[in-house]
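Examining the three-dimensional arrangement
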Amino acid sequence: MTEIKSLTIEELRGGLAALNEKPFRAKQIFRWLHQPVTSFTEMTDLSKPLRAALDRQYLLTVPQIERKQVSAVDGTIKYLWRLHDNECVESVLMHYRHGNTACVSTQVGCRMGCAFCASGVFGLKRSLSAGEILDQVLFMQKDAGVPVSNIVLMGTGEPLDNYENVLKFIRLVSCPEGICIGQRHISLSTSGLADKIEELAREHLQLTLSISLHAPDDGSRSKMMPVNRRFPIAQLMRACEYYFDMTGRRVSYEYAMARGVSDRPWQAERLVQLLRGRPGHVNLIPLNPVKESPLQPSTVESVRRFQQILERGGITATVRRRLGPDIDAACGQLRRRRLEEGESL
Ligand code: SAH
Ligand code: SF4
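These lines cover the structure that appears in this document, whether it is placed above or below. Worth saying up front: this structure is predicted, and the values here are computed from it rather than measured.

Rules of the game
- Residues numbered from 1 in each chain as written.
- Chains lettered and ligands numbered in written order.
- Predicted model: local features only at pLDDT ≥ 70, side-chain atom pairs only at ≥ 80, totals over all residues.
- Heavy atoms only, no water.
- Near = heavy atom within 4 Å.
- Nonpolar A, V, L, I, M, F, W, Y, C, P; charged D, E, K, R; others polar.
- Pairing = 2+ DSSP bridges.
- Helix = DSSP H or I, 4+ residues; strand = E, 2+ residues; numbered from the N terminus.
- Axes fitted to C-alpha atoms, helices over the stretch in contact; angles between N-to-C directions.
- Polar contact = N/O pair within 3.5 Å; in protein donor to acceptor, adjacent residues only side chain to side chain.
- Areas by Shrake-Rupley, 256 points an atom, 1.4 Å probe, with all protein chains shown as cover.
- Parallel < 35°, antiparallel > 145°, perpendicular 65-115°, else oblique.
- Left-handed = near helix turned anticlockwise from the far one by under 90°.
- Contact = heavy atoms within 4.5 Å.

**Points about the site of ligand 2**
Taken together, the residues surrounding ligand 2 are Cys-110, Met-112, Gly-113, Cys-114, Phe-116, Cys-117, Gly-157, Glu-158 and Ser-191. Looking at the shell around ligand 2 residue by residue, the class counts come to five nonpolar, three polar and one charged.

Following this line, the structure appears as structure tokens:
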């Protein structure tokens, strides 16, 4: 059955024509779909026969809250959603001074296999549809009762490994007839699929591209991230340059600091050489320890020393504040815990 929330207005129009309905209904239905409705019967300005026809023709996805944790420290909310096929995904709602940011998942699990990440422990189950990514935003807004103004594609999954659906989601969520979150308020984080970064550059979107770099040398990066064997650092950096040339958007680099693996002073020096002259920004994050991984977070002193070397080299770097420290907002943790508890997810 076609998932109706994954459809654009034009696609809805096509579907309505097949039902002998007027094309103007498409916008009306689209607007309903971008609210957290739970059934077609709530679309009260549509005729009963049309609502019944839509119900027969389409699947209206409604994620259920399986678990929810609220941080007592900063109010960050972490959701575990149960999807229509009983798979589960996580999202996080963070409150900043400039607004609320939704961190959403793009896949159930992930196949990239990064050594430090809880999301990849069980591999990839399936990709999410555009509508299922949108649902996370819609139903977080509904449950928390606050509007979302920014979106980060930094939950479970590799967004560029689900390219078509993620792109469609970006177009849906930024559509003026929907919740209309501007592309400049959306960040896409990737482990570095260089070929897809180049493809994305050619779409000329105004997204912020965030690269999970985590190490400046191929030896260390390949140990942390198997994707580096396919797309080594030099190729990844060329793709980032191309992205900037095509879109004019500065790229940001995530750098998770692992003790003794990616936090050594020579690596800070190497990172300076790598990023010198490139418009961008580095976010240093102390690694979140994950049970399955031997990698440990860097000490506060080595993070500070690393940051100093970068700044001396002319590279701006911020140490990211960890939100929701008491609810363990690291991606993939809630779902993994649920899987370990033996639930049939
Ligand atoms: N797959 C994409 C987006 C989801 S992961 C990517 O890898 O970029 C979102 C971010 O969380 C990435 O920067 C990822 O490297 C980081 N991350 C994953 N596990 C982490 C951990 N244990 N500690 C710190 N950062 C982690
Ligand atoms: Fe996948 Fe990103 Fe986790 Fe790597 S860090 S396993 S790419 S979700």
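**Quick word on the sheet that holds strand E11 (residues 208-212)**
Here ten strands make up an open sheet; going across it, the order is E3-E4-E5-E6-E9-E10-E11-E12-E13-E14 and the pairing mixed. Here the strands that pair on one side only, and so sit at the sheet edges, are strand E3 (64-70) and strand E14 (317-319). The sheet shows a mean angle of 20° between the axes of neighbouring strands, direction not considered. Sheet topology note: the strand E5 (residues 88-96)/strand E6 (residues 99-103) ladder contains five bridges and is antiparallel. Bridging from a neighbouring strand, Leu-93 pairs with Ala-102 of E6.

**Describing the site of ligand 1**
Close to ligand 1 lie 17 residues; Phe-116, Gly-157, Ser-189, Ser-212 and His-214 are nearest. Here a nitrogen atom of ligand 1 and a backbone polar atom of Phe-116 are 2.8 Å apart. Interatomic distance of 2.6 Å between a side-chain N/O atom of Ser-212 and an oxygen atom of ligand 1. Relative to its unbound accessible surface of 520 Å², ligand 1 loses 91% to contact with the protein. Broken down by class, the residue content of the shell around ligand 1 amounts to seven nonpolar, eight polar and two charged.

**Focus: the packing of helix H1 (residues 9-18) against helix H2 (residues 25-33)**
Relative to each other, H1 and H2 sit at 120°, their axes nearing to 9 Å. By the angle class used here, H1 and H2 are oblique. Like other packed secondary-structure pairs, H1 and H2 cross with a definite hand, here right-handed. Facing Ile-9, Leu-12, Arg-13 and Leu-16 of H1, the residues of H2 in contact are Arg-25, Ala-26, Lys-27, Ile-29, Phe-30 and Leu-33. Across the contact of H1 with H2, the residue classes break down as seven nonpolar, no polar and three charged.

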